[in-house]
Amino acid sequence: MTFALFVQSLFAGVTNGFVYGLVGLGLAVIFRGTRVINAMQGEFSTVAGMATVLMLDHWPIPMPVAMLSAMVIGGVIGLFLELVPVRALRRRGGTEDSYLLLTLGVAFTLSALILYFVGRDSRLLPGIGGEATLIFFDAAIRVHAIWLIVISTLVMVGLKWLYTGTHVGLSMMAASIDADGAATTGINVPLMRTATFCLGGLIGGLAGMLITPLTTVRYDMGMLLTLKGFAAAILGGLTNPFGAMLGGVTLGLLETLAVGFVSSGYKDVIALSILIVIMILLPNGMLGRIGRKGG
Amino acid sequence: MHKTLRPRISLVLMAVAGVLLWAALPVLVSRHVVDLLVFAGIYSIAGLGVSYLLGNCGIVTLAQSVFYGIGAYCVAYFSAQHGLPSGVGFGMGALLSAAIAFTVGWPTLRLSGHFLALATLALGLIGQTLFLELDWITGGTLGIGGLPKLSLLGWNLDTPQRFYYLVWPIAVLVMWLKHNLTHSRNGLAMRAMRDAPDAAAVAGVEIHALKVKMFMLSAILGSLAGSLFAHYVGFVSVDSFGVDRSISFLLLAVLGGVHTSWGPALGAIFVTLVPEALSRFGEIHSVLFAMTLVIAVIFLPHGLGGALERLLRRKAVA
């Protein structure tokens, strides 16, 4: 492997890593705020990405507006997810596993809806900065990929600030850690849960918007995104916003380096085996705290 | 005395009616529906493994498709390619699955919660990739065809109707074994381990060893189902052993209810027959099926099995 090729695969790994991290971030936000593992996090991105493609097909709207509306679409789906099925299940006393299945069912529903209304085609969005690339050490990186990294980092820092520096964020955390205690201090617990899902949806929508120019969007891509995001979030420690990004980049690098050094067919085998080993060695995630196994 | 006897009699009558209905079904319904019912039987065997891991040990497994695949490929390898008797395929599948479950389960079953779920998911994905990459054994995407049909006591099980009478008794036998296991000393230890692991450990339950044992047992069930599948379909390819298969095993287990022995059978019938029933609505049927799933999860917290059991109990009391 030449040096340029090595740098090139590092770039690819880091970019993929931030994609996984962004999905993982949405998962972590929802887990942090509601203790629900949201198996349809990837679907936020799929639906938002696809909706943006369709909007740009039909209306001459500028890119930033399309981007913003993709986020809003994700947020609205998150809102409905919490208001209708999740609340209905909570009223009936759902267990941890039943939320997983519920969101899995919603994920199937959304991807089946896209298949029905849009079809099997993969669709592409123009990236930020178009197809322009920058060259470092003889390796090319797309301007869009740099934007993706910058925006993801901003989201991560923003979340950190939200959870430590704002009233809303602290209320969200309180509602999740001790619902009864939070309610007695006047926090509207159900509202905080709804807001949490909405926030997860916003991040998912943004992720879809950023991913589509790199990987295209297809009706069935949500599940794999969710899985990789889940891996990223758990690897980094589900409760730490920085963790998801770190986990995502680790996973992305493992994958691309596996492709570089071994055959590409075994990419997932190697990355996932290393993932299992890391989990056994670091049962609290890379940035997790003691006593929070698996989140 | 009559009051306690009467519900029992009605239960026995219902059981007899159920068996008669089961025996008559292949004659009453179309060949296509019998075909689906055979798949339901196969899935309920694999799903049972998933179900009791979740219900009794609190382990979410997404690796069942791997053992299902091993069972199927062992039949393809030993029976179809080397012409050995079908028992060898079944046996090697079970043996290999148990060995792999032991090797992989020993380190990973120390994990807990979402970590363990992710680890089993990773296993499922690894298996899916290996089935594709090790194409000198598995035939890769092309698969392996021409698998021999099973024959039992000189009776060739070459139609859906005939296979139906093989697969369901096996499924019922396995469910009965599971019922016994749940109510045995080991079952008690498992429930203690699930609900109060520290207390169980103090009481002398070897938690880790027990979990590994149960994981191996579940793997053997997955392999058994896979071997049956291979003999029934006569063709194996990677597409049948992906992670989506694991997800559907988990789905049918939860849908059926993880605390009843016969829940997986109900769940398996649901995931095979309901999409079929909905298919007359045209292309939209996959949307409808997914929505049915969401509604079932919300309104049947203990699965179909739990709901039915409560209904029966209420009947028995009334």
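Remember, it's a predicted structure, so these values are computed and weren't measured experimentally. (Residues numbered from 1 in each chain as written. Chains lettered and ligands numbered in written order. Predicted model: local features only at pLDDT ≥ 70, side-chain atom pairs only at ≥ 80, totals over all residues.)

1. Considering the overall build of chain A
- Each helix and strand counted, chain A has 11 helices and 2 strands in total.
- Order of helices (α) and strands (β) in chain A, N terminus to C terminus: α-α-α-α-β-β-α-α-α-α-α-α-α.
- By the compact-globule yardstick of 19 Å for 295 residues, chain A fits well, its C-alpha radius of gyration being 19 Å.
- Across its three principal axes, chain A shows a C-alpha extent of roughly 60 × 50 × 35 Å.
- Out of the 295 residues belonging to chain A, those deemed buried represent 54%. (Helix = DSSP H or I, 4+ residues; strand = E, 2+ residues; numbered from the N terminus. Rg over C-alpha atoms; globule rule 2.2 N^0.38 Å. Buried ≥ 20, exposed ≤ 12 C-beta atoms within 10 Å, placed from the backbone.)

2. Focus on the nonpolar core
- Formed by 192 residues in total, the largest nonpolar core has its most connected members in L25(A), I42(B), A76(B), A122(B) and A225(B).
- Beyond its immediate chain neighbours, meaning those up to four positions away, A76(B) contacts Q81(B), I144(B), L147(B), A230(B) and V236(B). (Core = buried A, V, L, I, M, F, W, Y, C linked by C-beta atoms within 7 Å. Contact = placed C-beta atoms within 7 Å.)

3. Some remarks on helix α1 (residues 3–34) of chain A
All names here are of chain A.
- Across its 32 residues, α1 extends 45 Å between first and last C-alpha, which sits within 8% of the 46 Å expected from 1.5 Å per residue.
- Across the 32 residues that make up α1, a large majority, 26, are buried.
- Looking one or two residues past α1, R35 carries a phi angle of roughly 60 degrees, positive in sign. (Expected span 1.5 Å × (residues − 1).)

4. Quick look at the pairing of strand β2 (residues 139–142) of chain A
All names here are of chain A.
- Here strand β1 (residues 133–136) runs beside β2; their pairing, made up of 4 bridges, is antiparallel. Across the sheet, residue L134 finds its bridge partner in β2, namely I141.
- Between β1 and β2, which pair antiparallel in sequence order, lie 2 residues; one of them, F137, sits at a positive phi of approximately 45 degrees. (Pairing = 2+ DSSP bridges.)

5. Looking at helix α13 (residues 285–299) of chain B
- If you check α13(B), its first and last C-alpha atoms are 21 Å apart, about what 15 residues at 1.5 Å a residue would give, namely 21 Å.
- Of the positions making up α13(B), those classed as buried are V287(B), F289(B), A290(B), L293(B), V294(B), A296(B), V297(B) and I298(B).
- Contact partners of the buried residues in α13(B): α3 (63–91) and α4 (96–117) of chain A together with α11 (243–256) and α12 (263–278) of chain B.

6. Here we look at the interface of chain A and chain B
- Listed per partner, the contact involves 37 residues of chain A and 32 residues of chain B.
- Of all elements in the fold, only α3, α4, α9 (222–236) and α11 (267–281) of chain A reach the threshold of two or more residues within the side of chain A that touches chain B.
- At 12 residues, α4(A) tops the list of elements feeding residues into the side of chain A that touches chain B.

7. Let's talk about the confidence of the model for chain B
All names here are of chain B.
- Of all residues in chain B, 96% attain a pLDDT of 70 or more, and the chain-wide mean is 85.
- Considering each helix and strand of chain B separately, the mean pLDDT is smallest for strand β1 (residues 151–152), with a value of 72, and largest for helix α10 (residues 207–233), with 92.
- Two numbers describe this predicted complex: its pTM, 0.81, and its ipTM, 0.81. (pLDDT = per-residue confidence, 0-100.)

8. Comments concerning unusual backbone geometry
All names here are of chain A.
- In this structure, R35 takes a positive phi of about 60 degrees despite not being glycine.
- By the C-beta count within 10 Å, which is 15 here, R35 ends up partly exposed.
- Although it is not a glycine, T216 adopts a positive phi angle of roughly 65 degrees.
- Tracing the sequence through the fold places T216 in the loop between α8 (189–215) and α9.

9. Quick look at the packing of α9(A) against helix α10 (residues 241–261) of chain A
Residue and element names in this part refer to chain A.
- As a packed pair, α9 and α10 sit with axes 7 Å apart at the nearest point and diverge in direction by 115 degrees. Like other packed secondary-structure pairs, α9 and α10 cross with a definite hand, here right-handed. Listed contacts from α10 to K228, A231, A232, A233, I234, L235 and G236 of α9 are G243, A244, L246, G247, G248, T250 and L251.
- Class assignment of the residues belonging to the contact of α9 with α10 gives a composition of 8 nonpolar, 5 polar and 1 charged. (Axes fitted to C-alpha atoms, helices over the stretch in contact; angles between N-to-C directions. Left-handed = near helix turned anticlockwise from the far one by under 90°. Nonpolar A, V, L, I, M, F, W, Y, C, P; charged D, E, K, R; others polar.)

10. Comments concerning the environment of V38(B)
All names here are of chain B.
- Take V38: it is sitting in helix α2 (residues 31–57).
- A sequence separation of 206 residues divides V38 from D244, and the C-alpha atoms of the two residues are 20 Å apart.
- Once residues lying within four places of it in the same chain are set aside, the contact partners of V38 are P160, F163, Y164, V167 and Y232.

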